[in-house]
Amino acid sequence: MKILSVNAGSSSLKFQAYEMPEEKVLISGVFERIGIDNSFYTIKINGEKIKKEAILKNHEDAVKILTEELINYKVVNDLKEIEGVGHRVVHGGDKYKDSVIIDEEVLKTVEELSDLAPLHNPANLIGIRAFMKEIPEAKQIGCFDTAFHQTMDEERFLYAVPNEWYTKYGVRKYGFHGMSHKYVSNRVMEILDEKFCNIIVCHLGNGGSISAVRDGKCVDTTMGFTPNAGIVMGSRSGDIDYSIIPYIMKKTGKTIEEIDSILNKQSGMLGISEISSDFRDIEAKISEKDKKAIMAHYLFVNSVVSYIAKYYVELGGVDAIAFTAGVGENSPHVRNMVIKRLACLGIKLDKEKNEEMRFGKEGVITKDVSSVPCYVIPTNEELMIAEDTYRLITK
Ligand code: AMP
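Residues numbered from 1 in each chain as written. Predicted model: local features only at pLDDT ≥ 70, side-chain atom pairs only at ≥ 80, totals over all residues. Heavy atoms only, no water.

Caption draft 1: Representation of the nonpolar core in the model. F300 and I321 are the most contacted members of the largest nonpolar core, which has 46 residues in total. In terms of nonpolar packing, the next biggest core, distinct from the first, is built from 30 residues, V6, F15, V76 and L79 among them. (Core = buried A, V, L, I, M, F, W, Y, C linked by side-chain atoms within 4.5 Å. Buried < 20%, exposed > 50% of the residue type's maximum accessible area, 1.4 Å probe, protein only.)

Rendered as structure tokens:
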């Protein structure tokens, strides 16, 4: 069965086609600068990467070209062969605890939840509607970033604010990056060959979140009502004292929208380093002994270590810690700094293995004598979406 896995952003659309249940990737690619000038797309097939320019006025243009290319490259002879399209949807609120087949009611709910994810849900919806139009025979599946975290207890997802904020306005911790936390924790369980175990998953990318997972279910996670909570990120502040907001508004005369944008787009590693939100740029400056770059790294590592320590206690000890996403998969430097700080728990890094484990490699990075093994697990949200889509279609 052929299945498409789709991640639609406001100006981009990533896709991957799978043969399921074999999990074979048939073609993948990304459409960029949709609705902007100089739009283009890249396709990866049979180990080759092809870049093409195209006029992409909207997502429908992108989906139309995608369907033509699927036929051109003989991924399918007829679009009817695509039985399911799985869509990454950022916010499912507390309504969706699992992926779902999309119908009118789901579309309406996702639209209503746009209040909680104004940058993401509308873009996800545009993507879904474009595929419903272009491949109407296929079942459309919604795979929510929030769903994996729906197993959190009330005592973990509630904030200590007036109850009415939760009951009336939905103010609670939701958690994000769920498809990644689910994939990585499942993969660690496979490696450990254990269904009943405690795992801490560190998704360290441009956005970052950590989750505490017991027996495959999320117990707690660092992102909250929005993705701006938790650890220090590329350009997001992570946790701060909220009183800073009215204070800076008074001092600078900035509006709440401006402050919100600064906390999302100009804070985190970028704010502290004043170099970039990209860890590679910052690491390059660290080798030149740039003080702000070094400080940004310390703040980042501190926030990661403090959540690992919190979840270690919350879970009552752990069987494994996993690192994933851009930084977690590719920066031995960051992993080294984090794991060194976990020495008091008996966790011992294997420096050679740590250096080796990057650019898509999966494996252990701690010594055999380490009290807890740490792994690098390249995340695969697309596969998780394809698996959920296949499961729901064949149910
Ligand atoms: P993601 O959001 O998962 O795509 O991750 C993006 C982040 O990963 C960016 O900050 C990149 O700088 C970082 N990253 C990617 N490759 C490397 C690398 N080789 N070393 C350090 N950071 C990296």
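Caption draft 2: Structural view of the site of the ligand. As a structural note, the neighbourhood of the ligand is formed by 14 residues, with N206, D278, F279, R280 and G326 the closest of them. A distance of 2.3 Å separates an oxygen atom of the ligand from a polar atom in the side chain of D278. In the model, an oxygen atom of the ligand is placed 3.4 Å from a nitrogen or oxygen of the V327 main chain. A total of 500 Å² of accessible area belongs to the ligand in isolation, and the protein chains cover 75% of it. Secondary structure elements with two or more residues in the shell around the ligand: α10 (279–286) and α12 (325–330). (Near = heavy atom within 4 Å. Polar contact = N/O pair within 3.5 Å; in protein donor to acceptor, adjacent residues only side chain to side chain. Areas by Shrake-Rupley, 256 points an atom, 1.4 Å probe, with all protein chains shown as cover. Helix = DSSP H or I, 4+ residues; strand = E, 2+ residues; numbered from the N terminus.)

Caption draft 3: Summary view of the sheet that holds strand β13 (residues 363–364). Spatial ordering of the open sheet is given by β11-β10-β9-β12-β14-β13, a layout of six strands whose pairing is mixed. At either margin of the open sheet sits one strand with a lone partner, and together these are β11 (217–221) and β13. With two bridges joining them, β13 and strand β14 (residues 374–376) adopt antiparallel strand pairing. Of the residues in β14, the one forming a bridge with G363 is V376. Together, β9 (198–204), β12 (320–324) and β14 form the strand contacts of helix α13 (residues 332–340), whose direction differs from that of β12 by roughly 155 degrees. (Pairing = 2+ DSSP bridges. Contact = heavy atoms within 4.5 Å. Axes fitted to C-alpha atoms, helices over the stretch in contact; angles between N-to-C directions.)

Caption draft 4: The arrangement of the pairing of strand β2 (residues 13–19) in detail. Of all seven residues making up β2, six are buried, and the element is well covered by its neighbours. By the bridge criterion, seven bridges tie strand β1 (residues 2–8) to β2 in an arrangement that is antiparallel. When the bridges of β2 are listed, L4 appears paired with A17. Between β1 and β2, which follow one another and run antiparallel, lie four residues. The sheet contact formed by β2 and strand β3 (residues 24–32) spans seven bridges and is antiparallel. Note on β3: the bridge partner recorded for F15 is G29. Connecting β2 to the next strand, β3, in antiparallel fashion are four residues, including E23 with a positive phi near 65 degrees.

Caption draft 5: Region of interest: unusual backbone geometry. Going from M20 to P21, the amide bond is cis rather than trans, its omega being 10 degrees. Residues other than glycine seldom take positive phi values, yet N46 does so here, at roughly 50 degrees. For K289, which is not a glycine, the phi torsion comes out positive at approximately 60 degrees. Along the polypeptide, K289 turns up in the loop between α10 and α11 (291–315).

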